[in-house]
Amino acid sequence: MSSDNEPTWRICRKAVWMLIQNVNNLADAKDLLNRQEDQDLHIASGKCFILLLTAVRTSEKSSLDLALAECKRLEARCATESTGGWMAAVKRKLLFSSTAGGVDYYDRQIVLADMISCIVGLTVAAHKDSPSVGTVARAVYALRRAWKTYQMCYAAVLDVYRDVYDLDPGQNTPRWPPVLKRRKSATLIPASNIGSRMFRSATTSFEAIRRNSVSDIMPKDVVRLMAAVSVGYGTFNLMVSLLPPTVISVIGVLGFRGNRQTGLDALAFAKNGPDVHAPLAWGILSWYRMMGNTDFMFDGPQSRENQSHVDESEQLVLGPPEEFRNSTALQYFVGRSRYLKGDLDGSIQAYEAGSTIVDCCLVNMRAMYLHELGFMYAVRLDWTTACRKFARVAADNTWMRPYHYFMAALCAGAAGDAATGLLMSRQVDESVDSRWQRAERDMVGRFVMDRKRPVAEALRRTIGVAGDDRCGRRCRLIVYEMLYVKYGAARWPADSLRAVLADCDESDDDDDATRFAKQLLTVICRKALGASVGLHYASRSLAEIVERMDRDKRRDHLYVYGLYELAVEQIGHPETIEEGKRTIQKLKDFKGPYQFQYFFEMRCASLQAHVQNLHVR
């Protein structure tokens with residue numbers, strides 16, 4: 001307890017709240033924690049959390065080292081204080097109360113697992129450019145320790161939660177709001193019934209004592225602990241379930257297991273908790289619903305069958321924790337939610353509101369808002385504004401700078417402003433370094449490096465030439481391709497889809513990449529418009545495109561995305577499901593690397609989950 005009898009876990013949440021609202025409150029947040037006892041567990045964890053947020057935001061070595069040292073110190077303290085031999089373990093089972101060490105013990109266990117996870121994150125951040133095999137091995141081992149601790153603690157707290165609150169016998173995740181059980185007599189055996197005493201066992205006696213002790217616990221302590229441990233438990237379940245099947249089969253040997261629905265249920269309960277874990281749970285859920293739910297993002301087959309994710313994402317942005325209610329950081333998730341509902345103007349409005357933010361505690365939110373605004377204006381075909389947003393991101397931040405300059409060059413070229421496009425193209429060359437080439441190799445780096453020179457040459461030829469839109473069309477087609485990879489096309493406005501079709505219909509001196517991109521985009525946009533003619537137009541057209549690429553021995557991202565779209569169409573019709581399964585096997589057998597591999601693997605994981613559901617049915 002603090003000096004004014006306010007729980008220290010509540011003070012910890014207040015301090016972190018200050019930092020979430022505005023990074024300029026860092027001094028006030030530290031001062032609030034420094035007024036409390038240094039030895040208090042929650043105050044110590046709050047200080048570590050603030051150091052972690054500061055280190056993540058600045059990425060400075062000194063900040064990373066300081067945060068890492070404090071997290072290790074608190075981890076060692078929790079590990080030391082948690083040991084008490086078998087007698088302490090019996091007491092915790094028998095008497096789950098703060099005086100017996102139960103509540104305090106599980107507080108330490110939760111903080112211990114949290115600190116191990118933070119240490120892993122900080123270690124990865126410190127060695128992100130060139131992690132050694134030893135660093136990776138230590139990180140995996142530490143994550144396994146954290147996961148085992150979360151599992152043990154979750155099972156123990158859930159056992160007590162069942163005694164205090166109503167929970168179905170077969171249910172392993174609590175629901176919000178908790179409903180207290182009616183108090184029952186702790187006397188399990190009537191004193192007058194001598195015969196019944198013969199059936200009383202040691203187990204029954206133990207359970208009677210334990211239930212009697214549990215009845216003295218403050219129910220709020222149980223809810224707080226249940227919510228706190230549910231964040232780590234739920235996050236592990238969710239994240240492991242999102243990994244590709246090939247990775248899951250490997251890490252399963254190490255003891256990692258992930259059930260997506262279990263993780264979502266645990267996080268849904270935790271976001272209503274009273275301590276500092278609640279806003280973290282809300283943030284993870286919001287990330288999944290609006291960014292990690294691949295099927296929802298790309299209009300996959302599962303999302304078409306179940307629209308509940310639309311309501312769930314909207315409920316999250318309408319009911320955030322108090323830390324985010326007046327925060328401009330909330331606008332990022334609002335913008336994502338509105339775009340995924342098909343409200344492009346509403347999405348732009350939210351991102352524009354968020355882009356006015358001065359700074360944020362976690363990352364440079366202004367850069368993220370401008371990044372999304374660039375793409376949203378491109379979807380709306382407002383090329384000049386899109387160019388301005390991308391150029392501003394690149395000028396203000398080193399984050400993916402060559403990529404943003406390249407997008408600005410493309411948007412300027414798409415608008416017919418060859419001079420600005422050429423200026424942005426020169427900035428791409430000046431901002432490329434070895435770190436960019438190494439870090440972005442598998443995502444967009446190679447795509448940018450392969451196309452920047454032809455684009456620059458086309459822009460140079462266009463300067464001073466009136467009435468020639470071939471360069472503008474080439475730039476637009478590249479942007480369309482990148483928009484499809486990043487967002488899919490299902491939620492583009494009808495006018496934008498028709499504009500894509502018009503550009504694809506124009507006959508230019510196309511190279512192979514441009515020709516196949518046109519063919520693939522034509523099928524996708526016609527399908528999104530609902531303008532396909534014939535029962536299986538999309539399937540037949542996609543099969544022809546893939547066959548032509550097979551003949552040309554193309555094995556790039558256009559090929560694998562063509563296979564993916566073909567598989568989605570085939571499994572959508574009962575008579576072609578078996579063909580679809582063979583196409584999916586072809587996807588599994590395909591070996592990379594290729595450009596935009598990350599977005600493709602996200603789509604494939606969702607598609608394979610849908611096929612597994614078909615087997616269950």
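This structure is a prediction, so every number in the text was calculated from the model and none was measured.

Enquirer: Explain the overall build of the chain here, please?
Expert: From N to C terminus, the chain includes 31 helices and zero strands. Within the chain, buried positions represent 52% of all 617 residues. For the chain, long-range pairs separated by at least 24 residues make up 67% of all intrachain contacts whose partners lie at least 6 apart in sequence. Looking at the chain as shown, the accessible area adds up to about 29100 Å², and 52% of this sits on carbon and sulfur atoms.

Enquirer: How should I be thinking about the environment of Glu565 in this particular structure?
Expert: In this structure, Glu565 sits in helix 29 (residues 557-571). Assessed through its relative accessible area of 8%, Glu565 is described here as buried. It is 9.5 Å that separates the C-alpha atoms of Glu565 and Val523, two residues lying 42 residues apart in sequence. Beyond its immediate chain neighbours, meaning those up to four positions away, Glu565 contacts Tyr484, Ile524, Lys527 and Leu542.

Enquirer: It is not clear to me how the packing of helix 3 (residues 41-58) against helix 6 (residues 102-126) should be interpreted in this structure. Could you clarify?
Expert: Any two packed helices are characterised by the angle at which their axes cross and by the distance between the axes. Put simply, helix 3 and helix 6 touch, their axes get as near as 11 Å, and they point 15° apart. Overall, the two elements helix 3 and helix 6 adopt an arrangement that is roughly parallel. The interaxial crossing formed by helix 3 with helix 6 has left-handed handedness. Contacts from Leu41, His42, Ser45, Cys48, Leu52 and Ala55 in helix 3 reach Asp107, Arg108, Val111, Met115, Cys118 and Leu122 in helix 6. Residue composition of the contact of helix 3 with helix 6, grouped by class: eight nonpolar, two polar and two charged.

Enquirer: Please explain the packing of aromatic side chains as it appears in this structure.
Expert: Note on aromatic pairs: each is described by the distance of the centres and the angle between the planes. Inspection of the entire model under this criterion finds 21 aromatic pairs. Arranged with centres 5.1 Å apart and planes meeting at 85°, the rings of Phe375 and Phe390 form a pair that is edge-to-face. Highlighted residues: Phe375 in helix 19 (residues 365-379) and Phe390 in helix 20 (residues 383-396), separated in sequence by 15 residues. By relative accessible area, Phe375 is classed as buried at 0%.

Enquirer: What should I look at first to understand the pattern of salt bridges in this one?
Expert: Two side chains bearing opposite charge may form a pair once their charged atoms approach each other closely. Scanning the entire structure with this criterion turns up 27 salt bridges. Ionic pairing is found between Glu314 and Lys341, a salt bridge with its closest N-O pair at 3.0 Å. Placement of Glu314 in helix 15 (residues 308-318) and of Lys341 in the loop between helix 17 (330-340) and helix 18 (344-354) is noted, with a sequence separation of 27 residues between them. Among the residues examined, Glu314 registers a relative accessible area of 29% and is labelled partly exposed. Between Glu506 and Arg473 there is a salt bridge; the shortest N-O distance is 4.0 Å. Highlighted residues: Glu506 in the loop between helix 26 (494-505) and helix 27 (512-529) and Arg473 in helix 25 (residues 470-487), separated in sequence by 33 residues. According to the relative accessible area criterion, Glu506 is partly exposed, its value standing at 39%. Residue Arg473 is classed as buried on the basis of its relative accessible area, which comes to 10%. Residues joined by salt bridges that share partners form a network here, namely Asp469, Arg473, Arg476, Asp503 and Glu506.

Enquirer: Sorry, what's going on with the confidence of the model for the chain here?
Expert: Parts of the prediction with low pLDDT should not have their coordinates interpreted in detail. For the chain, per-residue confidence averages 82 on the pLDDT scale, and residues scoring 70 or more make up 83% of the total. A low-confidence stretch, residues 97-101 stays under pLDDT 50, and its non-local contacts, those more than four residues away or across chains, total six contacts. Low pLDDT (under 50) marks residues 184-210, which in the prediction has 20 contacts with non-local residues, meaning those over four places away or in another chain.

So, how was this worked out
- Residues numbered from 1 in each chain as written.
- Predicted model: local features only at pLDDT ≥ 70, side-chain atom pairs only at ≥ 80, totals over all residues.
- Heavy atoms only, no water.
- Helix = DSSP H or I, 4+ residues; strand = E, 2+ residues; numbered from the N terminus.
- Buried < 20%, exposed > 50% of the residue type's maximum accessible area, 1.4 Å probe, protein only.
- Contact = heavy atoms within 4.5 Å.
- Areas by Shrake-Rupley, 256 points an atom, 1.4 Å probe, with all protein chains shown as cover.
- Axes fitted to C-alpha atoms, helices over the stretch in contact; angles between N-to-C directions.
- Parallel < 35°, antiparallel > 145°, perpendicular 65-115°, else oblique.
- Left-handed = near helix turned anticlockwise from the far one by under 90°.
- Nonpolar A, V, L, I, M, F, W, Y, C, P; charged D, E, K, R; others polar.
- Phe/Tyr/Trp six-rings, centres within 6.5 Å; stacked < 30°, edge-to-face > 60°.
- Salt bridge = Lys/Arg side-chain N within 4 Å of Asp/Glu carboxyl O.
- pLDDT = per-residue confidence, 0-100.

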